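# Observations on the three-dimensional arrangement
As a plain string of letters, each chain reads:
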Amino acid sequence: MKGIILAGGFGTRLYPMTTNISKQLLPIYDKPMIYYSLSTLMRLKIRDILIISSKEFINIYKNIFKYSYKLGIKISYLSQNYPNGIAESFIIGKDFIGKDNVTLILGDNFFYGLNSGILKFEEFKKNFGAKIFAYKVNEPQNYGVINIYKNNKIKNIIEKPKKPNSNYVATGLYVYDNNVIKKVTKLKPSKRGELEITDLNNLYIKEKKLEAIFLQSGSVWLDAGTSQDLLKASQFVQTVQDRQKILIGSPEETAYFNNWVSKNKLKGIISHMPENEYSKHLINLL
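Structural notes, computed from the coordinates.

### Observations regarding the side chain of E252
For E252, the position within the fold is in helix α8 (residues 251-257). A polar side-chain atom of E252 sits 2.3 Å from a polar atom in the side chain of Y278. Among all residues touching E252, those that are not within four sequence positions of it are L71, L266, I269, M273, Y278 and L282.

Okay, here's the thing in structure tokens:
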């Protein structure tokens, strides 16, 4: 299983904060936003990861993660010339994906409480289909709304309907078999000129190969692409970290708990960090 983080877009919902910076580099409390997406993929035991972003920011990401190999992961980078839709990720990352299955996460999505046991990637066959993560929200009309049959089977997904029939929406975490590379070539741009991830998911639904994993109470999902949700995510991280003395969204901590780095290697990584609250949290792990 390979992983893709889509960290592109203009960040218009966060203007003027994104005037000269990628929104995925904005902080959620004490870490860049992209740390949380990366850590989510790592918690799902994905070690080969592609970051897709605008040309002007690629070198910044390369510099931030230049020592990622020390965490037992490999990060590649590709640019997106123009934000032509989430599904374009599989066209840009075609060679990176190769013959593997792939998990895509949006760089401005915040998850907490995902159980890595939900997805047993080693059990997935090449043609298992697709899996999406569903979350119940109060304002579903702002997202891709999941319409569900009585037996929890997915009827369809409608992008930002004016009158939604369900409160369940598709979050920015998607798992696909290798057929996604062929399926994405069948998509046509929507009215807003984008290759919609909803259209891709509906192709899998037609073949009865899409499964929704409903995130349970206790799990948290936020689309941190707005200033309000960016603040909510920051407040949540601060509260949990201060009360439980843990780190949320830390690649170093995740690599350690995955046994990808030893205690001594983590000590070495920490020794090159400035002395602050982040490094102190990591020291407390040891």
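### Brief notes about helix α9 (residues 263-271)
Taken residue by residue, α9 has L266, I269 and I270 as its buried positions. In an axial view of α9, the angular spread of the buried residues amounts to 100°, which keeps them on one side of the axis. Turned more than 90 degrees away from the buried face of α9, the exposed residues are N264, K265 and S271. Of the surrounding elements, those touching the buried residues of α9 are α8 and α10 (277-285).

### Quick look at the nonpolar core
Core analysis: the largest hydrophobic core is formed by 59 residues, its most contacted members being I28, I51, Y61, F65 and F110. The element that contributes the greatest number of residues to this core is helix α1 (residues 33-43), accounting for 7 residues. Apart from the residues within four sequence positions on either side, F110 is in contact with I28, Y36, V220, W221, L222, A233, F236, V237 and I248. In terms of nonpolar packing, the next biggest core, distinct from the first, is built from 32 residues, A130, V180, V184 and L210 among them.

How each quantity is defined
Every chain is numbered independently, its residues counted from 1 as its sequence is written. Residues qualify for local features only when their pLDDT is at least 70, as the model is predicted, and side-chain atom pairs are given and counted only at 80 or more; totals for whole chains, interfaces and linings, by contrast, use all residues. Only hydrogens and water are set aside when side-chain values are computed; all heavy atoms of the structure are taken into account. Strands here mean DSSP runs of E at least two residues long; helices mean DSSP runs of H or I at least four residues long; both are numbered from the N terminus. Here a polar contact is taken to be a pair of N or O atoms separated by no more than 3.5 Å, where protein atoms must pair a possible hydrogen donor with a possible acceptor and residues adjacent in sequence count only if both atoms sit in side chains. Any two residues whose heavy atoms approach within 4.5 Å are treated as being in contact. When a residue's accessible area, from a 1.4 Å probe over protein chains only, is under 20% of the maximum for its type it is buried; when over 50% it is exposed; and in between it is partly exposed. As used here, the arc belongs to the directions running from the helix axis to the C-beta atoms. By convention a nonpolar core is built from buried Ala, Val, Leu, Ile, Met, Phe, Trp, Tyr and Cys residues, the set being connected through side-chain atoms within 4.5 Å.

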